[in-house]
Amino acid sequence: MKHLREYEEQDIKDLMGDMKTIGQAPMEGWIVSISSFDVDNPSLGTKYYAITADNLKEAYAMVSEDWIYEEEDLVSFVEDIDNFTELSEKINDSTDQQMGFVVLGVWEGLRPISKESESFIIDGINPFEAGRILSQKFSNAQSVMTANPRGNTE
Amino acid sequence: MKHLREFDDQEIQDLMGDLEKVGHEQLKGWYMQTTSPSGEGMGRIIFAHNEAELVKIFGKEFSSFTGDSGYPNKIGQAWNGGKILYNNFIDAFVGYASYFEKFMSISMIKDLKVRDAGSKKPGLISFPTFNSFLVSEQLEKNFYNAKERMTSGDFREEFEDEMDSISI
């Protein structure tokens, strides 16, 4: 005989917290809608970062890797960053506003398909293709983005 | 007794052409996506029966452009857009906008089949493009064949060429 047991949100959060303490935390996911710019190479419109990482700092570091000099230490670069908008401002400043990006929307709580840290840039020029690829990266991409159409600003 | 008759695409196109000749114009659809110089993406869904309606809709939406000397104008049967002659207004507008760099990027999807055409009026719907799921929802809500038109052939290849990725 099978039993159905109901868990409260708090029980699940506690369980995930316990898993984190033994190093078995599930990967986390973020989608960041951006408009990138490069004074030498004009923008082609909206792009999405689809990020799978252990935590936010790792997510910031993966985004930074695209923009800052190789010699710069990623961990210290993102140390004082609290959100993606702040990160974009720091990156833009580090290039003297020659290239970088503006954050248009941030969605969190994505369930990654990948078990490893990764960051993809997806072109938003074709909404159907962008949606298809975002859904390949996160099982709940469509429900998260349609439930919160504008995303968070940070 | 009922008969089932198969029509090929060309026959249907001919029939629609005949209907238009006798004054029964169908509502047609376009989707235009642009990126402004500041990087903002904008999607525009356009409905019109004919070129005259399109010219009016664009004139209203892009009223700041219409005073430009290069804005599309008709020369005989052709449309002049950005120093090149086109056989329709839409192509001339894209040519004009590209030539004079009115946007950072512009793409136009034509031949979209309008859903519930009887209840729609000629006009334009615009929205930002930073949430691809909302954009595709709008396109599917308004056109029967938007997904088909935008996920096959050249448009898809062009998109896949633009893809970039990193992983650690």
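Nothing here was measured: the structure is a model prediction, and the numbers come from that model.

1. A word on the overall build of chain B
Across its full length, chain B holds 6 helices and 8 strands. Going from N to C terminus, chain B has its helices and strands arranged as α-β-β-α-β-β-β-α-β-β-α-α-α-β. Per-residue burial for chain B yields a buried fraction of 25% across its 168 residues. A separation threshold of at least 6 residues defines the contact pool for chain B, and within that pool the share at least 24 residues apart is 57%.

2. Some points on the sheet that holds strand β4 (residues 78–81) of chain B
All names here are of chain B. In spatial order, the strands read β3-β4-β5; together these 3 strands make up an open sheet with antiparallel pairing. The outermost strands of the open sheet, each flanked by one partner alone, are β3 (73–75) and β5 (84–86). Here the average twist between neighbouring strands, direction ignored, is 40°. Across the sheet, helix α3 (residues 89–99) touches β4 and β5, and the angle it forms with β4 is around 15°.

3. Considering the confidence of the model for chain B
Residue and element names in this part refer to chain B. Residues at a pLDDT of 70 or more form 80% of chain B, whose mean pLDDT is 84. Across residues 162–168 the pLDDT falls below 50, and counting only partners more than four positions away or on other chains, this stretch makes 14 contacts in the model. For this predicted complex, the interface score ipTM comes out at 0.80, alongside a pTM of 0.79.

4. Points about the nonpolar core
In summary, soluble globular proteins display a tendency toward joint burial of nonpolar side chains. Core analysis: the biggest nonpolar cluster contains 38 residues, and Trp30(A), Ile31(A), Val32(A), Tyr48(A), Ala50(A), Ile51(A) and Leu134(A) have the highest contact counts within it. What Val32(A) contacts, discounting residues up to four positions off in sequence, is Tyr48(A), Tyr49(A), Phe84(A), Val103(A) and Val106(A). Grouped together as the second largest cluster of nonpolar side chains are 25 residues, Tyr71(B), Ala92(B), Val135(B) and Ala146(B) included.

5. Concerning the interface of chain B and chain A
Across the boundary between the two partners, chain B contributes 30 residues, which contact 35 residues of chain A. Of all the elements in the fold, those that place two or more residues in the side of chain B that touches chain A are β1 (28–35), β6 (105–113), α4 (132–142), α5 (146–150), α6 (153–162) and β8 (164–167) of chain B. Counting residues per element, the side of chain B that touches chain A draws most heavily on α4(B), at 6 residues. In terms of residue class, the side of chain B that touches chain A is made up of 12 nonpolar, 13 polar and 5 charged.

6. Some details on the packing of helix α2 (residues 51–61) of chain B against α3(B)
Residues and elements named next belong to chain B. It is the contact of α2 with α3, at a shortest axis distance of 10 Å, that shows an interaxial angle of 30°. In contact with Glu-51, Leu-54, Val-55 and Phe-58 of α2, α3 contributes Phe-89, Ile-90 and Phe-93. Of the residues belonging to the contact of α2 with α3, the class tally is 6 nonpolar, no polar and 1 charged.

7. A short note on helix α2 (residues 56–65) of chain A
By the burial criterion, the buried members of α2(A) are Ala59(A), Tyr60(A), Ala61(A), Met62(A) and Val63(A). Tucked inside the fold, the buried residues of α2(A) contact β1 (28–38), β2 (46–53), α3 (74–78), α4 (84–94) and β4 (118–123) of chain A.

Definitions and limits used
- Residues numbered from 1 in each chain as written.
- Chains lettered and ligands numbered in written order.
- Predicted model: local features only at pLDDT ≥ 70, side-chain atom pairs only at ≥ 80, totals over all residues.
- Helix = DSSP H or I, 4+ residues; strand = E, 2+ residues; numbered from the N terminus.
- Buried ≥ 20, exposed ≤ 12 C-beta atoms within 10 Å, placed from the backbone.
- Contact = placed C-beta atoms within 7 Å.
- Pairing = 2+ DSSP bridges.
- Axes fitted to C-alpha atoms, helices over the stretch in contact; angles between N-to-C directions.
- pLDDT = per-residue confidence, 0-100.
- Core = buried A, V, L, I, M, F, W, Y, C linked by C-beta atoms within 7 Å.
- Nonpolar A, V, L, I, M, F, W, Y, C, P; charged D, E, K, R; others polar.

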